[in-house]
Amino acid sequence: MKKEILKLRGVKVHFPVQAGVFNRVVGHVLAVDGVDLDIFRGEVLGLAGESGCGKTTLGKAILRLVEPTDGEVKYISQDDDETELTSLEKKDMDPFRKKLQIVFQDPHSSLNPSFTIFGSLQDPLKKFGIKSKEERRKIIGDLLEAVNMRREYMDRYPHEFSGGQRQRIGIVRALCLEPELIVCDEAVSALDVSIQAQVLKLLMQLKKEKNLTYLFITHDLSVTEYLCDRIAVMYLGRIVELCDSEDLYNNTLHPYSEALISAIPVADLDKQTKRIVLEGDVPSPVNPPKGCPFHPRCPKATDICKTEVPTLKKYSTNGNEHYASCHLIDLPEIS
Amino acid sequence: MEDKNNIALSVRDLKTFFYTNNRCNKAVNGVSFDVEKGKTLCIVGESGCGKSVTAATIMQLLPTLSRIEEGEIKFQKDDKIINIEKLEKNGKEMREIRGSDIAMIFQDPMTALNPVYTVGFQISENLKYHTNLNKKEIREKCISLLNDMGIPLPEKRVDEYPHSYSGGMRQRAMIAMAMACNPKILIADEPTTALDVTIQAQIFELMDKLKKENDTAIILITHDMGVVAELADNVAVMYMGNIVEAGTADDVLRRPTHPYTKALLESVPVLGRGKNQDINPIKGSTPDPYNRPIGCQFAPRCNWQTESCDVMPEITQINETHQVRCHKYEQFFEKYK
């Protein structure tokens, strides 16, 4: 039986746009605009989409690194206790911070250059009650070894490490409080191809050993296919398709996912497909198009797409649940 | 052999060294390749293996602490053959070639465009120096270039500043700038690494069109084997300043004979192969350029390393187009045939 770890209901993050002498609010950037999502224990959920579609903001909103404007983020503990995170006071959030961690995109800017690795990494341990320095050194040393680095490295400074090593230190930082869920925000995008494979393998190995759940945010769909159990595709702050990772590639329902998949260059001469080239860029989230947000770029758009906003409906492909929001899907909807 | 007239640029045994703190970094250490007209040559490799330095050398855009040590770069201009390495860096001849005959697209369009000038001004600079067009014609040409690149409302956009362009549009403006004088060779240094896949597909479509319509030779620098599979006619794989394997896309991607090429291909997940595919990271990381392994540069990371790898392997021609720099290529080739 699959158990949820997080339930997101109608999560919205709107940033005000200010202008003029008095900094009046003239509009809102609808970065995340009503996302419903369940994350199950022990799964790897991929969150894919182009830049500017709100992936990172959603990841941060879950951890309350940005405050959601509206909606609920429910954390369900192993004993089935539900807690609504968005309404908690800051200090009441602390025990949940321990359970929910994040690995940041850029390993160069996420470590403080004036602290040693141990100096940076010991703070969370201190905060959560590990008083003796020896013990902290032991925990960090063990984790460094778990990510194939040497124990002595904890006394070095970030500039002494390469990008791949720094990303592994970022992973150690996320792991040191023994979290249940890690949000990986483009954790491998900034790395060289060979290093990327090392980090991907490491993430999979750690997941098995420590029984982790990942929310894996990336724009690279070939990585999500390899890594994820389910994939959610976002466009302009909304989820447009959510399904098992295999179904996304074999039974694509939404035209946006289709275009996204066809645009990925495949390193296999036998698998070359025709690119579907989308015109233009992602529209501005301040002033999204009426109707289906994707219709100005959609090759299949019809009249109904220009006026009515499609909702996320449930379909079934290969016997699996498959959610998509498009007017033009020919499958029977299931409730 | 290829028809001589088809070769737009020919690089032979090129060496570019950097001198800092009394140390010498042999960034490009004996590289040879040819670029044919109307074909795309992809240079692949990890960061720090000398791809971008090779490109900068061809353009003579090297920083002051570096110099071309040896070798020749022969560029065929009309019927003359010009040795680029002999030209003065900022001399008249080099400036004539740079931008008009050989143009370059840089990786990051935000740092490559000047934020205080309009996009139109930056494109027209190129036309001002390399053509005899008057002001009005230059403006018209700019607009038509932007139009060709698929930028909406080019009449209006031409007077806008780079900050009001999106990432993909900036890169297209960069390509417009590079294509302004119909160059014979276009060097694209990771042109789409900073862009989304959907925008990347647009840029590739554009480059394909230019190649077909203008017979432009393209040198595309990338680290993504997927890009190579889609665009390349010829491929050169670089590692630590050397080309370790070169050949047609078919040769290199279907029958990789160098362990490094094979490792690169195996280290990325390929779309459509599902969850069961096996990815093999390359062990370790690229060596410190000041403290290189003796002999074959890839040896310390290679599963096929033997004692013979302490000597730098020579280039071996496997067939007419396919060459490799490895001692063990025969055994390697046999195993993965």
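Everything discussed here concerns the structure shown above.
## A short note on the interface of chain B and chain A
The accessible area lost on association of the parts is a frequent measure of interface size.
Next up, step 1: Counting residues at the interface gives 37 residues for chain B and 37 residues for chain A.
Next up, step 2: Only α8 (197-214), α9 (225-231), α10 (249-254) and α11 (259-266) of chain B provide two or more residues apiece to the side of chain B that touches chain A.
Next up, step 3: Here the side of chain B that touches chain A gets six residues from one element, more than from any other, and that element is α8(B).
Next up, step 4: Residues that form the side of chain B that touches chain A fall into these classes: 15 nonpolar, 14 polar and eight charged.

## Examining the packing of helix α5 (residues 163-175) of chain A against helix α6 (residues 193-210) of chain A
Residues and elements named next belong to chain A.
Next up, step 1: Two numbers describe how α5 lies on α6: the axes approach to 9 Å, and their chain directions differ by 20 degrees. Classified by the angle between their axes, α5 and α6 sit roughly parallel to one another. By crossing handedness, the relation of α5 to α6 is classed as right-handed. Of α6, the residues touching α5 (which contributes Gly163, Gly164, Gln167, Arg168 and Leu175) are Ile195, Gln198, Val199, Leu202 and Leu206.
Next up, step 2: In the contact of α5 with α6, the residues fall into five nonpolar, four polar and one charged.

## Quick look at the nonpolar core
Next up, step 1: Counting 185 residues, the largest nonpolar core has Val172(A), Phe216(A), Val233(A), Ala176(B), Ile219(B) and Val237(B) as its most contacted members.
Next up, step 2: A total of eight residues in this core trace back to one element, the largest contributor, which is helix α7 (residues 167-179) of chain B.
Next up, step 3: When near neighbours in sequence (up to four residues on either side) are disregarded, Ala176(B) contacts Ile123(B), Leu145(B), Leu146(B) and Met149(B).

## A closer look at the sheet that holds strand β1 (residues 7-20) of chain B
Residues and elements named next belong to chain B.
Next up, step 1: Taking strand neighbours across the sheet as the criterion, the four strands line up as β2-β1-β4-β5 in an open arrangement whose pairing is antiparallel. In this open sheet, the two edge strands, each paired with only one partner strand, are β2 (23-36) and β5 (80-83). Across the sheet, the mean angle separating the axes of adjacent strands is 10 degrees when strand polarity is ignored.
Next up, step 2: Two elements, strand β4 (residues 66-77) and β5, share four bridges in a ladder whose sense is antiparallel. Bridge pairing in β5 links lysine 77 to lysine 80.

## Notes on the environment of Gln305(B)
Residues and elements named next belong to chain B.
Next up, step 1: Relative to the elements of secondary structure, glutamine 305 occurs in the loop between α11 and β11 (316-317).
Next up, step 2: The exposure class assigned to glutamine 305 is partly exposed, which follows from the 18 C-beta atoms found within 10 Å.
Next up, step 3: Spatially, the C-alpha atom of glutamine 305 lies 8.6 Å from that of lysine 328, the residues being 23 residues apart in sequence.

The rules behind these values
What you see as residue numbers is a count from 1 along each chain, following the sequence as written. As they are written, the chains are lettered A onward and the ligands numbered 1 onward, keeping that order. Restriction of local features to residues with pLDDT of at least 70 applies here, the model being predicted, together with a cutoff of 80 or more for giving and counting side-chain atom pairs; totals for whole chains, interfaces and linings are based on all residues. Residue pairs are scored as contacts if the distance between their C-beta atoms, which are placed from the backbone, is within 7 Å. A run of H or I in DSSP counts as a helix once it spans at least four residues, and a run of E counts as a strand once it spans at least two, with each numbered from the N terminus. Polar here means any residue other than Ala, Val, Leu, Ile, Met, Phe, Trp, Tyr, Cys and Pro, which are nonpolar, and Asp, Glu, Lys and Arg, which are charged; Gly is therefore polar. Helix axes are fitted only over the stretch in contact, all axes being lines through C-alpha atoms; the angle between N-to-C directions runs from 0 to 180 degrees. For this classification, under 35 degrees means roughly parallel, over 145 means roughly antiparallel, 65 to 115 means roughly perpendicular, and everything else is oblique. In a left-handed crossing the near helix is turned counterclockwise from the far helix by less than a right angle, and in a right-handed crossing that turn is clockwise. Nonpolar core, as used here: buried Ala, Val, Leu, Ile, Met, Phe, Trp, Tyr and Cys residues forming one set through C-beta atoms within 7 Å. Counts of 20 or more other C-beta atoms within 10 Å of a residue's own C-beta define buried residues, counts of 12 or fewer define exposed ones, and intermediate counts define partly exposed ones; C-beta atoms are placed from the backbone. Any two strands with at least two DSSP bridges between them are considered paired.

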